[in-house]
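Overview (structure and organization)
In case you want the letters, here they are:
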Amino acid sequence: MSILFTTDEQAALKGPHIVRAYFLELDHPDGTKRYHNGYGDLDLPFPSGGSAVTWQGVSNPFNNVLAAIGQVEDPRFGSAPSVNVALVGVNAAFMKQWKDDARSIEGRAATVYFAMVDPENPNETGLITTLKPLFPGGRVTAPALKRTATVNVITLTIESFFQSQNFPFGGMWSNAGQQRRYTGDLGLSEMGTIVAATRR
């Protein structure tokens, strides 16, 4: 999927202090949940248009939930992309609900969007682009729940198609993976073998 920027967005991206903000849309049994890795709540529409929806930021004073969205790395040869999400500071009732729903949450759809932000932009949000789909068609792993004396944490991973199929982008960096890509190529045939060199 290509990510296209408008002419105005391309001009704005030339600014000196551009950063990227991430947005997560999660299919939850209680309804769609939306988070972003900034502060406060944002009302933003989807790239396809329509009315604005609320994206919950990392700090929400009403329920004291910290939603941390990890970095989304570009897929590299021999690895499959995924992104980690943590809900920190949830109360006991919220924790129990996620524990009860763990089975039904696993495998549900999740999409990660991004938008570019210029802190010096005069508009209210600082956004200089619309939401762009960065990680479409992701699937959620079963949430991991951790209780401590001071805080409750729920973590889950959004996996790409290749990650969920246990098949990294570009194949494995091994002789078997190389043979699937280029039959007869011996470039990785000695990978993992012990080589004993004799000096004379």
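To be clear, the structure that these remarks concern was listed above.
Residues numbered from 1 in each chain as written. Predicted model: local features only at pLDDT ≥ 70, side-chain atom pairs only at ≥ 80, totals over all residues. Heavy atoms only, no water.

The next subject is the pairing of strand 7 (residues 109-117). In terms of residue burial, strand 7 counts as a mostly covered element, since eight of its nine residues are buried. Where strand 1 (residues 19-28) lies against strand 7, eight bridges are found, and the strand directions are antiparallel. Of the residues in strand 7, the one forming a bridge with tyrosine 22 is phenylalanine 114. Here strand 7 pairs with strand 8 (residues 132-140) via five bridges, running antiparallel. Of the residues in strand 8, the one forming a bridge with valine 112 is phenylalanine 135. (Buried < 20%, exposed > 50% of the residue type's maximum accessible area, 1.4 Å probe, protein only. Helix = DSSP H or I, 4+ residues; strand = E, 2+ residues; numbered from the N terminus. Pairing = 2+ DSSP bridges.)

Time to look at the environment of alanine 115. Of note, alanine 115 is situated in strand 7. Under the relative-accessibility criterion, alanine 115 is labelled buried at 0%. Considering only alpha carbons, one finds alanine 115 and leucine 127, 12 residues apart in sequence, at a separation of 6.8 Å.

Leu24, Trp98, Val140, Leu156 and Ile158 are the most contacted members of the largest nonpolar core, which totals 21 residues. For this core, the secondary structure elements donating two or more residues are strand 1, strand 6 (82-88), helix 2 (92-100), strand 7, strand 8 and strand 10 (152-159). The element that contributes the greatest number of residues to this core is strand 7, accounting for four residues. Setting aside its immediate chain neighbours within four residues, leucine 156 contacts Leu26, Val83, Asn84, Val85, Trp98, Val140, Thr141 and Pro143. (Core = buried A, V, L, I, M, F, W, Y, C linked by side-chain atoms within 4.5 Å. Contact = heavy atoms within 4.5 Å.)

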